[in-house]
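Chain by chain, the residues run as shown.
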Amino acid sequence: MSRTMQSMTLGLALAAAGFAGAALVHNADADRAVAPFEQGIAFVDVFGLIDEILKGPEPEAVRLAFDEGKQAELAGMQSRMQEIQAQVQAMDANDPELGALYGEAQQLQQNMQQFYQNYQFEMQSMIAEQIGAAYKQVFAAAKAQAAEEGVHFLFATRPSDDLIVDSLTGVAQEILARPMIAPAESIDLTAAVRVRLGLPDPADATPEDGTDAGSPDTGIPGSGEPSAPPSDDGE
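Residues numbered from 1 in each chain as written. Predicted model: local features only at pLDDT ≥ 70, side-chain atom pairs only at ≥ 80, totals over all residues. Heavy atoms only, no water.

**Concerning helix α3 (residues 57–90)**
Part 1 of the argument: In this model, α3 (34 residues) spans 48 Å end to end at C-alpha, consistent with the 50 Å of a helix rising 1.5 Å per residue.
Part 2 of the argument: Residues P59, R63, F66, D67, K70, L74, M77, M81, I84 and V88 constitute the buried set of α3.
Part 3 of the argument: Packed against the buried residues of α3 are α2 (46–54) and α4 (98–149). (Helix = DSSP H or I, 4+ residues; strand = E, 2+ residues; numbered from the N terminus. Expected span 1.5 Å × (residues − 1). Buried < 20%, exposed > 50% of the residue type's maximum accessible area, 1.4 Å probe, protein only. Contact = heavy atoms within 4.5 Å.)

Below you can see the structure in the form of structure tokens.
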């Protein structure tokens, strides 16, 4: 997904879950060892795991199918607009049918604008639903892992200070996603939760486009937008 969409993803996850600074509580047996989390405190990168789930084959397939359907609809409208433009250019300026064609073109232009707005709303709603489902998976897996490790307080935080700075709202959401400023690697449960979820290790990913697998993510496949409708300021 684009950086703007990723910021929206983080914001929706934060608002819907309300997990910033929240704790998952487990009453461990008094004689149970809690090492290496000797204080019963750990953290997990909930945001990062949600993004990994959204990049999985099933959520991606849903987004791609949505895109393909919308692209087909838009292509039909664009094709008709091109036909009208070709007809107008080939007709005499005094042809009485010109008025009807201009009216059809204007209505088609409005339809395309409305279509594009609906596309954006539907895509955002679909991604929000996917985020909600992914959060439930991560929450359940993190809670189960905390119970096994004897962790009393499990915080959601992003361990990196690499903020996505694309807007005031976006950077604020990125900062709020890091309630723990200096978490120690020894109390990081992210890898264990990732295994429990059955997600592949990002370090093992082989880039298909020649880019560095460790570089910042630039987008979720299938969350692109159809071509913007043409403006009506000229032929």
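**What about helix α5 (residues 168–176)?**
Part 1 of the argument: Taken together, the buried positions of α5 are occupied by G170, V171 and E174. Seen end-on, α5 carries its buried residues on one side only, within an arc spanning 95°. Away from its buried face, by an angle of more than 90 degrees, α5 presents the exposed residues L168, T169 and L176. (Arc of directions from axis to C-beta.)

**Brief notes about the confidence of the model for the protein**
Detailed conclusions should not be drawn from predicted coordinates in areas where pLDDT is low.
Part 1 of the argument: Averaged over every residue, the pLDDT of the protein is 77; residues scoring 70 or more account for 71%.
Part 2 of the argument: The model gives residues 1–36 a pLDDT under 50, and that stretch makes 77 contacts with residues more than four places away or in other chains.
Part 3 of the argument: Low pLDDT, under 50, characterises residues 210–224; the stretch is placed with 29 contacts to residues that sit more than four places away or in other chains. (pLDDT = per-residue confidence, 0-100.)

**Brief notes about the packing of aromatic side chains**
Part 1 of the argument: For the coordinates displayed, the defined rule picks out 2 aromatic pairs.
Part 2 of the argument: Between Y135 and F139 the ring centres are 5.8 Å apart and the planes differ by 50°, which places this aromatic pair in the tilted class. Of the two residues, Y135 and F139 are both situated in helix α4; the distance of 4 residues between them amounts to about one turn of the helix.
Part 3 of the argument: Accessibility expressed as a relative area gives 34% for F139, which makes it partly exposed. (Phe/Tyr/Trp six-rings, centres within 6.5 Å; stacked < 30°, edge-to-face > 60°.)

**Examining the environment of S186**
Part 1 of the argument: For S186, the location among the structural elements is in the loop between α5 and α6 (190–197).
Part 2 of the argument: For the pair S186 and F43, spaced 143 residues apart in the sequence, the C-alpha separation amounts to 9.7 Å.

**A closer look at the pairing of strand β2 (residues 153–156)**
Part 1 of the argument: Burial of β2 is one-sided: the residues L154 and A156 facing one way are buried, the residues F153 and F155 facing the other way are not.
Part 2 of the argument: Alignment of strand β1 (residues 41–44) against β2, held across 4 bridges, turns out to be parallel. Considered in β2, the bridge of V44 is made with A156. (Pairing = 2+ DSSP bridges.)

**Here's the deal with the side chain of Q145**
Part 1 of the argument: Mapped onto the fold, Q145 is located in helix α4.
Part 2 of the argument: In terms of polar contacts, Q145 uses its side chain to reach the side chain of R196, at 3.0 Å.
Part 3 of the argument: Dropping the residues within four chain positions of it, Q145 is found in contact with L189, A192, V193 and R196. (Polar contact = N/O pair within 3.5 Å; in protein donor to acceptor, adjacent residues only side chain to side chain.)

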